Amino acid sequence: MMNLITLVWSYLKAKPLNTFLNVLLLGLGIAVITVLLVFNQQFQEKIKDNVRGIDLVVGAKGSPLQLILCSIFHVDFPTGNIKLNEAEQLAKNRLVKSVIPLALGDSYQGYRIVGTNRAYTDLYEADLQEGKWWEKDMEVVAGANVAAFARVKVGDRLVSQHGLGADGHAHDQEPMVCTGVLKKTNSVIDNLLFTNVGTVWAVHEEHEEDEHEHDEQPVQHPSPIVPTVNAGDSVKEITSLLVEFRNPMAAIQLPRYINAQTNMQAASPAFETARLFSILGVGADVLMGFAYVLIFISALSIFLALYNSLKERQYDLAIMRSMGASRSRLFVTMLAEGIAMTLMGSVLGLAMGHGVLVLFTWWVKEGSQTGFTAYVFYTSELWILAGSLLLGIVCSLVPAVQAYRTDIHKVLAG
Amino acid sequence: MVEIKSVEYAYPGAKAIRFADFKLAGGEHCLLLGESGSGKTTLLHLLGGLLRSQQGTIRIHDTDITQLSESALDHFRGKHLGFVFQRNHLLQALSVRQNLLMAPFLAELPQSEERVNEVLDRLGLLNRKSARVRELSQGQAQRVAIARAVVNKPDVIFADEPTSALDDKNCERVSDLLLSVASEQKATLVVATHDQRLKAKITRQMVLLA
């Protein structure tokens, strides 16, 4: 059977190298755009997802971006510590609805141990896969990726290292005990281990224990942040405090108050991530520009291929007219050829783009840990397909008009 | 079947050519003779609706094709007329079979593999069915062009110098096939040529004077 598709395909096949190069060129451009699109989309979703209900992060003075990266995304080092009693003062502020303490500094096989309380895991709607939640000091619960990649099971005894690197100084303390493993949430907490703030203190105070004896006194007035110590303790420190505002006014007043009146700094996750996007955005823009140049060149090349083929095709076009094809039919055939090329190019490009992401998530451990997936399709990808249809029409419009205008008598008598 | 009356055609900036009136019955064959430049091809294209006449009437199969709209004329051509040209002008990107199927496809008639086989068999080309056009010899290519012209069972076949590019042996074979296939289909055959070798084969002849 002959139909429009077999006809167009035959003509494309008659010049395999030409067709292949045009499709490949367009495919490369589309692939770059697809990778950027899927990556960017997921990156933004992850970031929004991880910020959750955290309005403000309060920590030691330093880089606000570092404080956010450290306290929310757990990819950077702390800016320093803040006094527990200062944090308590802040928690009492009328603009603050709730606070979550974070005590960082230790890791297990490169996975960060977070000293905090259950409010933190509740923020991410974490659920137990097995075991039970941590209660006492030296008990830990492992995130899903920690369990999967570092092979941590319930009942395991873990010895932490100082810092984030796997080769950090090992604490020669009594090991922690894993009491539970969390379900996968596809958020940052999959890569963390959770314990009490007291555990982190215990691990770090070990060295000082020789110097002054611990006077084990019962807690009289428990601290609102860490109930295992007395309120107003002037020695204990934590890394940062995640703050939820009581009302919108807090967004204006609280950061100004903290930065000006205390030894701490306040960083807004929304503001700092927006800043991060604009920094990364420059690189993405350069790549995107490169992709558009590729697409423009391929469009030009498809146009030239069709336009040049018209000269040798004019006999074919005239013969087709003599066999009963109308002018508009030749017009449509020519358009279809351009559209076929751009459509193949964009399908190839989408496939290559997702292929690159599949390889990325396979080979790069961080890829799978951050919950990136290549098997998602965004509606913007449909726009790419629609755009390629339009591109095909634009490329083949002039050749199609020429085909429409073919003077069959002149060609056949020539 | 084919009838023209007071047909004239003028190329831009040239004197109008006036064609003598004539009438062909169904199944009758006719030779258009004349020097090059005498308007053979022009008349053939006017008859086949490849060129719009400026004056007069051209009736084919009871239809005055000068009155048809552009697309109706295209449609009429596909259904009722077949063409064979000097250079065979097959579609290079397609196979022999696909070239033949293009005729019913473009004329919007049902495509039949059997009809393709039948015609190819008749012209001794069945073994070349899936060949590419560029793999064919001159004589074979011209026979494929004939096959394509008759595959839709046209009422009239127009041939423009169908044998001029062929040697004596191929000329003989191609012209015999053209005539016998046209007769079998009960089609009227109009051949424009200056090839003297065809004169003995078609007795009805019209000479155009430059």
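Per chain, residues are indexed from 1 in the order of the written sequence. Chains and ligands are labelled by the order in which they are written, letters from A for the one and numbers from 1 for the other. The predicted nature of this model means local features are confined to residues of pLDDT at least 70 and side-chain atom pairs, given and counted, to a pLDDT of 80 or more, with totals for whole chains, interfaces and linings taken over all residues. With hydrogens and water stripped out, all remaining heavy atoms of the structure feed into the side-chain values.

Student: Go over the overall build of chain B with me, naming the residues and quoting the values.
Tutor: Across its full length, chain B holds 6 helices and 10 strands. A compact globule built from 210 residues should have a C-alpha radius of gyration of about 17 Å, and chain B, at 17 Å, falls within 12% of that. Taking the principal axes of its C-alpha atoms as reference, chain B extends roughly 50 × 35 × 30 Å. A sequence separation of at least 24 residues applies to 71% of the contacts in chain B between residues at least 6 apart. A total of about 9000 Å² of accessible surface is found on chain B, and carbon and sulfur atoms cover 48% of it. Here a helix means four or more residues in a row that DSSP labels H or I, a strand means two or more in a row labelled E, and each is numbered from the N terminus. Based on C-alpha atoms, the radius of gyration is set beside the globule rule, defined as 2.2 Å times the residue count to the power 0.38. Whether two residues are in contact is decided by their heavy atoms, any of which lying within 4.5 Å being enough. Surface exposure here means Shrake-Rupley accessible area, sampled with a 1.4 Å probe, where a residue is shielded only by the protein chains that are shown.

Student: A description of the interface of chain A and chain B should follow, citing residues and the corresponding values.
Tutor: A common measure of how large an interface is: the accessible area buried when the components associate. With 25 residues of chain A at the interface, the matching set in chain B holds 32 residues. Computed with a 1.4 Å rolling probe, the buried area is the accessible surface lost when two parts are put together, summed over both parts. For chain A, the biggest contributors to the area lost against chain B are A:Met2, A:Met323 and A:His409; these three give 28% of the whole. Any carboxyl oxygen of Asp or Glu that lies within 4 Å of a side-chain nitrogen of Lys or Arg is treated as forming a salt bridge with it. At the boundary of chain A with chain B, the tally comes to 4 salt bridges. Its salt-bridge partner being A:Arg321, residue B:Glu70 comes within 3.1 Å of it at the nearest N-O pair. Mapped by element, the contributors of at least two residues to the side of chain A that touches chain B are helix 1 (4-14), helix 9 (269-322), helix 10 (327-363) and helix 13 (408-413) of chain A. Broken down by element, the residue count for the side of chain A that touches chain B peaks at 6 residues, all from helix 9 of chain A. Under this grouping Gly is polar, as are all residues other than the nonpolar Ala, Val, Leu, Ile, Met, Phe, Trp, Tyr, Cys and Pro and the charged Asp, Glu, Lys and Arg. Residue classes in the side of chain A that touches chain B are distributed as 14 nonpolar, 7 polar and 4 charged.

Student: Can you lay out the environment of B:Leu94 for me, pointing to particular residues and giving the numbers?
Tutor: On the secondary structure map, B:Leu94 appears in the loop between strand 7 (81-84) and helix 3 (96-107). Classification of B:Leu94 by relative accessible area gives buried; the value is 0%. In sequence terms B:Leu94 and B:Ser130 are 36 residues apart; their C-alpha atoms lie 9.3 Å from each other. Residues in contact with B:Leu94, not counting those within four places in the same chain, are A:Met2, A:Leu7, A:Ser10, B:Asn99, B:Met102, B:Arg132 and B:Val133. Burial here depends on accessible area, computed with a 1.4 Å probe over protein chains only, as a share of the maximum for the residue type. Under 20% is buried, over 50% is exposed, and the range in between is partly exposed.

Student: Could you give me a rundown of the domain arrangement of chain A, with the residues and numbers involved?
Tutor: For chain A, the assigned domains are domain 1 (2-47 + 282-413) and domain 2 (56-267). The source of the domain bounds is an automatic or database domain assignment. Here domain 1 of chain A and domain 2 of chain A have C-alpha centroids that lie 52 Å from each other.

Student: Outline the sheet that holds strand 4 (residues 29-33) of chain B, listing residues and values.
Tutor: Residue and element names in this part refer to chain B. The pairing criterion is simple: DSSP has to find at least two bridges between the two strands. The strand order across the open sheet built from 5 strands is 7-8-9-4-10, with neighbouring strands paired in parallel fashion. One side of each edge strand has no neighbouring strand; the edge strands of this open sheet are strand 7 and strand 10 (205-207). Taken over all neighbouring pairs, the strand axes of this sheet differ in orientation by 15° on average, direction set aside. Where strand 4 and strand 9 (residues 188-192) come together, 4 bridges link them in parallel fashion. Looking across to strand 9, one finds that Leu31 is bridged to Val191. Angles shown run from 0 to 180 degrees and are taken between the N-to-C directions of axes, each axis being a line fitted to C-alpha atoms and, for helices, limited to the stretch in contact.

Student: Outline helix 1 of chain A, listing residues and values.
Tutor: All of the buried residues in helix 1 of chain A are A:Leu7, A:Val8, A:Ser10, A:Tyr11 and A:Leu12. Elements in contact with the buried residues of helix 1 of chain A: helix 2 (16-51), helix 9 and helix 10 of chain A together with helix 3 of chain B. The term polar contact refers here to a pair of N or O atoms within 3.5 Å; inside protein, the definition further demands a hydrogen-donor-capable atom paired with an acceptor-capable atom, and it admits residues adjacent in sequence only when both atoms are side-chain atoms. Of the residues flanking the start of helix 1 of chain A, the one acting as N-cap is A:Asn3, its side-chain oxygen 3.1 Å from the backbone nitrogen of A:Ile5.

Student: Just give me the short version of a nonpolar patch on the surface, but keep the residues and values in it.
Tutor: Without a salt bridge and with relative accessible area above 30%, a residue can belong to a patch; like charges are then joined within 9 Å and nonpolar side chains (Val, Leu, Ile, Met, Phe, Trp, Tyr) within 5 Å. A grouping of A:Val293, A:Phe296, A:Ile297, A:Leu300 and A:Leu304 is seen on the molecular surface, where their side chains present a nonpolar patch of about 460 Å² in accessible area. Among the structural elements, A:Leu304 can be located in helix 9.

Student: So, the side chain of B:Asp64: which residues are in play, and what are the values?
Tutor: All names here are of chain B. Positionally, Asp64 belongs in strand 6 (residues 63-64). Put simply, Asp64 is tucked away with no salt bridge, and the nearest opposite charge, on Arg59, sits 4.8 Å away. A distance of 2.6 Å separates the side chain of Asp64 from the side chain of Thr66, its partner in a polar contact. If sequence neighbours within four positions are ignored, Asp64 has contacts with Thr57, Ile58 and Arg59. Counting rule applied: Lys, Arg positive; Asp, Glu negative; His and chain ends not counted.

Student: Just give me the short version of the packing of helix 1 of chain A against helix 10 of chain A, but keep the residues and values in it.
Tutor: Residue and element names in this part refer to chain A. Two numbers describe how helix 1 lies on helix 10: the axes approach to 10 Å, and their chain directions differ by 70°. What the angle tells us is that helix 1 and helix 10 run roughly perpendicular. Pair helix 1 / helix 10 crosses with right-handed handedness. Contact residues: helix 1 offers Leu4, Leu7, Val8, Trp9, Tyr11 and Leu12, while helix 10 offers Val332, Thr333, Ala336, Glu337, Ala340, Met341 and Met344. Tallied by class, the residues present in the contact of helix 1 with helix 10 amount to 11 nonpolar, 1 polar and 1 charged. In these notes the angle categories are as follows: under 35 degrees is roughly parallel, over 145 is roughly antiparallel, 65 to 115 is roughly perpendicular, and the rest is oblique. Helix crossings are classified by the rotation of the near helix relative to the far one: an anticlockwise turn of less than a right angle makes the crossing left-handed, while a clockwise turn makes it right-handed.

Student: Please set out the nonpolar core residue by residue, giving values where relevant.
Tutor: One recurring pattern in soluble globular proteins: nonpolar side chains tend to sit buried together. Nonpolar cores are built from buried Ala, Val, Leu, Ile, Met, Phe, Trp, Tyr and Cys residues. Side-chain atoms within 4.5 Å join them into one set. Core analysis: the biggest nonpolar cluster contains 112 residues, and A:Met320, B:Leu32, B:Leu47, B:Ile60, B:Met102 and B:Phe158 have the highest contact counts within it. If one sorts the elements of this core by residue count, helix 9 of chain A sits on top with 10 residues. Those residues within four positions of B:Met102 in sequence are excluded, and the remaining contacts are A:Met2, A:Leu7, A:Met320, A:Met323, B:Leu91 and B:Leu94. In this structure, A:Cys70, A:Phe73, A:Ile100 and A:Leu128 belong to the second largest nonpolar core, which totals 30 residues.

Student: Go over the confidence of the model for chain A with me, naming the residues and quoting the values.
Tutor: Residue and element names in this part refer to chain A. The score called pLDDT rates the predictor's confidence residue by residue, from a low of 0 to a high of 100. The predicted model of chain A has a mean per-residue pLDDT of 88, with 93% of residues at 70 or higher. When mean pLDDT is taken per element in chain A, strand 1 (residues 56-60) scores highest with 95 and helix 11 (residues 365-369) scores lowest with 58. Ignoring residues within four places in sequence, the model shows residues 210-214, a span with pLDDT below 50, making 2 contacts including any to other chains.

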